[in-house]
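# Close look at the chain arrangement
Given next are the chains, with one letter for each unit.
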Amino acid sequence: METLAQSISTIAPTTSPVATIPLVCALAGNGTWLAYVLATVAVLLVAMCIAQFARYSSSPGSLYTYASMILPPWLGSVVAWSLLLAYVATGSSVIGGFYHYGNLLLHDATGHVVSTIVLSVLLSLIVAAISMWIAWRDVKISAQLMLWIEGTSMTAILIVVMLVLVRHGWHLDSQQLHLRGMTGSGLRLGLVLALFSFVGFESATTLAAEARNPLKTIPRAVIQSAVLAGAFFIICAYAEVLGFHTAGQDLGSSPAPMRLLAVVGGVPPLGVLIDIGALVSLFACTLGCITAAARVLLLMAHNGLAHGSLRNTHARNQTPGRAVVVTGLAAVLPTAILAARGASGLDVYGWMGSLATYGFIVAYALVCLALPSYLRHHGAFRVGAQIIPWIAGGAMVLALVGNLYPVPEGPYGKLPYIYLAYLSAGLLWFLLHTRRNLRDKSSG
């Protein structure tokens, strides 16, 4: 349950109905449910590939370890740096979502408008500090806490969703069934955002050193988290679009969609409770991202891709304390700076989430393409074993192309260049480290 909790908490399923699904709807419209069906299939294919790796290897380095076993060292470093950015940027994204819902709930509770910029920065720092402290103390406590948080939040959302469906009656929404008004480009761009709902589903692999019977429990957790999250997202996407059709409002522009959905379902008080659940879920995701990123950074330090001091673990807690601090600060600083400049929480959520998607997609694609050679090395290669990896890798490449073309306007258009600059810096570090090692060997 704790390995499954790590993946579920990093996905943070509660955040998609309140933040991501409206963004997908703004692009795909009545095809929102289809975008999530396609995303679920793509992620499940990737999950099957990752599970194959996890059946033969248990290492806290997650996808980085799997890729570095097979791929050339420089491509292994691409996976490492991409995965580190993905976890850290996802942490930044959900911190932005946290201060958005924190501001919303505090305004409801007090009836007064506090200085939003000051409050946003303060909330960002608080959620990051608490997450770092819990991750530093003990991973078992973290996993148990994450499981309860997500279970409670998802239950509240499912109650509202089922009430909306029951009140509509047991017949399909013809507008959604016929994909009325959906365009091909809208579906493609919506699919990319739908994939962001799943990112982090593989983070159970970062607990290989702590999990019981990791070669069995971790593959199960990876596949189960993809299936459970996919079913949840598809149902929520359909119900949310349906509920907003009934109310005659636009889901794509709603700052708190579950509140209106609760009204449509006939249970208005649950709307505020779900917003509270979303706030707690965003905290759980922050915690899950820092936990996962710290363990990736730990292994990177062992392999010379990061400073050697980050290899140390806490004497009593046996957690990578320094790596936790570094990844926690890396997650909160961009969000705090953007909040101080007046950026809304939902804008930060979208910007940093899109940046994280670049890292995840590249890491997923490279790991999938490395699987056939990995199975061959373990004597487990069978005829047709490369079909799923190639399909999964191809799906990730198509998703990446969907992110790059056409180039989005505004801040989203700058994100590919930020990712490439970051990756170039990581590869430069790898090159310098490799040359230094060769020089040391030749002089020795």
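### Here we look at the overall build of the chain
- Tallying secondary structure elements over the chain gives 16 helices and zero strands in all.
- Taken against the 2.2 N^0.38 rule, which gives 22 Å for 444 residues, the C-alpha radius of gyration of the chain at 21 Å falls within 12% of a compact globule.
- Along the first, second and third principal axes, the C-alpha atoms of the chain reach 75 × 55 × 45 Å.
- In the chain, which comprises 444 residues, the share counted as buried stands at 56%.
- Of the contacts formed within the chain by residues at least 6 apart in sequence, a portion of 83% connects residues at least 24 apart.
- Total accessible area on the chain is roughly 18300 Å²; 68% of this is exposed by carbon and sulfur atoms.

### Quick word on the side chain of Asn103
- Here Asn103 shows up in helix α5 (residues 73-110).
- Among the residues examined, Asn103 registers a relative accessible area of 16% and is labelled buried.
- Look past the residues within four positions of Asn103 in its chain and what remains in contact with it is Thr116, Leu119, Ser120 and Leu123.

### A short note on the packing of α5 against helix α14 (residues 345-377)
- Where α5 contacts α14, the axes come no closer than 7 Å and their chain directions differ by 155°. Comparing their axes, α14 and α5 come out roughly antiparallel. Both α5 and α14 take part in a crossing whose hand is left-handed.
- Split into classes, the residues belonging to the contact of α5 with α14 amount to 21 nonpolar, ten polar and no charged.

### Some details on the pattern of salt bridges
- Across all of its chains, the model carries two salt bridges by this definition.
- Note that Asp108 and Arg259 form a salt bridge whose closest N and O atoms lie 2.3 Å from each other. Of the two residues, Asp108 sits in helix α5 while Arg259 sits in helix α11 (residues 257-264), which places them 151 residues apart along the sequence.
- On the accessibility criterion, Arg259 (21% relative accessible area) is partly exposed.
- Shared partners join several salt bridges into a network, and the residues in it are Asp108, Arg259 and Asp275.

### Quick look at the environment of Tyr87
- As for its placement among the helices and strands, Tyr87 is situated in helix α5.
- Along the sequence, Tyr87 and Ala331 sit 244 residues apart, while their C-alpha atoms lie 8.6 Å from each other.
- Here Glu202 takes part through its side chain, which lies 2.4 Å from a polar atom of the side chain of Tyr87.

### Side note on α5
- The terminal C-alpha atoms of α5 lie 55 Å apart, and with 38 residues this matches the ideal 56 Å at 1.5 Å per residue to within 8%.
- The buried count for α5 comes to 30 of 38 residues, which makes it a mostly enclosed element.
- Just past α5, the residue Gly111 takes up positive phi, approximately 75°.

### Structural notes on the nonpolar core
- In this structure, Leu63, Phe201 and Met300 are the most contacted members of the largest nonpolar core, which totals 143 residues.
- Sequence-distant contacts of Leu63, defined by excluding residues within four places in its chain, comprise Ile50, Val79, Leu83, Glu202, Thr205, Ala363, Tyr364 and Val367.

### Quick notes on the environment of Tyr349
- Counting through the fold element by element, Tyr349 comes out in helix α14.
- Judged by relative accessible area, Tyr349 falls into the buried class, the value being 3%.
- Separated by 219 residues in sequence, Tyr349 and Ile130 place their C-alpha atoms 20 Å apart.
- Once you skip the residues sitting within four places of it in the chain, Tyr349 turns out to touch Thr15, Ala19, Thr20, Leu23, Ser93, Val94, Gly97, Phe196 and Leu282.
- In this structure the side chain of Tyr349 is engaged in a polar contact, spanning 2.6 Å, whose partner is the side chain of Thr20.

### Considering the confidence of the model for the chain
- Here the chain averages 85 in pLDDT, while 92% of its residues score no lower than 70.
- Looking at the elements of the chain, mean pLDDT is at its lowest for helix α1 (residues 2-11), recorded as 76, and at its highest for helix α13 (residues 321-340), recorded as 93.

### A few points about a nonpolar patch on the surface
- Taken together, the side chains of Val272, Leu273, Ile276 and Val280 define a hydrophobic patch exposed on the protein surface, amounting to about 290 Å² of accessible area.
- You can see Val280 is positioned in helix α12 (residues 268-302).
- Classification of Val280 by relative accessible area gives partly exposed; the value is 33%.

### What to know about unusual backbone geometry
- Its identity as a non-glycine residue notwithstanding, Ala12 has a phi of 55°, on the positive side.
- Positionally, Ala12 belongs in the loop between α1 and α2 (15-28).
- Of note in this structure, Leu179 is not a glycine but carries a positive phi near 55°.

### Quick look at the packing of aromatic side chains
- In the structure shown here, the tally under the stated rule is ten aromatic pairs.
- Between the aromatic rings of Phe198 and Phe233, the centroid separation amounts to 5.1 Å while the plane-to-plane angle is 85°, which identifies the pairing as edge-to-face. With Phe198 in the loop between α9 (184-196) and α10 (214-247) and Phe233 in helix α10, the pair connects residues that are 35 residues apart, well separated along the chain.
- Classification of Phe233 by relative accessible area gives buried; the value is 0%.

### Notes on α2
- An ideal rise of 1.5 Å per residue puts 20 Å on 14 residues; α2 measures up with 19 Å between its terminal C-alpha atoms.
- At Ile21, α2 shows its maximal bend, which comes to roughly 35°, and the proline Pro22 appears one to four places after that position.
- Counting buried positions along α2 gives eleven out of 14 residues, so the element sits mostly inside the fold.
- Within the sequence span of α2, burial applies to Thr15, Ser16, Pro17, Val18, Ala19, Thr20, Ile21, Pro22, Val24, Cys25 and Ala28.

Parameters and conventions
Residues numbered from 1 in each chain as written. Predicted model: local features only at pLDDT ≥ 70, side-chain atom pairs only at ≥ 80, totals over all residues. Heavy atoms only, no water. Helix = DSSP H or I, 4+ residues; strand = E, 2+ residues; numbered from the N terminus. Rg over C-alpha atoms; globule rule 2.2 N^0.38 Å. Buried < 20%, exposed > 50% of the residue type's maximum accessible area, 1.4 Å probe, protein only. Contact = heavy atoms within 4.5 Å. Areas by Shrake-Rupley, 256 points an atom, 1.4 Å probe, with all protein chains shown as cover. Axes fitted to C-alpha atoms, helices over the stretch in contact; angles between N-to-C directions. Parallel < 35°, antiparallel > 145°, perpendicular 65-115°, else oblique. Left-handed = near helix turned anticlockwise from the far one by under 90°. Nonpolar A, V, L, I, M, F, W, Y, C, P; charged D, E, K, R; others polar. Salt bridge = Lys/Arg side-chain N within 4 Å of Asp/Glu carboxyl O. Polar contact = N/O pair within 3.5 Å; in protein donor to acceptor, adjacent residues only side chain to side chain. Expected span 1.5 Å × (residues − 1). Core = buried A, V, L, I, M, F, W, Y, C linked by side-chain atoms within 4.5 Å. pLDDT = per-residue confidence, 0-100. Patch = residues over 30% accessible without salt bridge, like charges linked within 9 Å, V, L, I, M, F, W, Y side chains within 5 Å. Phe/Tyr/Trp six-rings, centres within 6.5 Å; stacked < 30°, edge-to-face > 60°. Bend = angle between axes of the 7 residues up to and from the residue.

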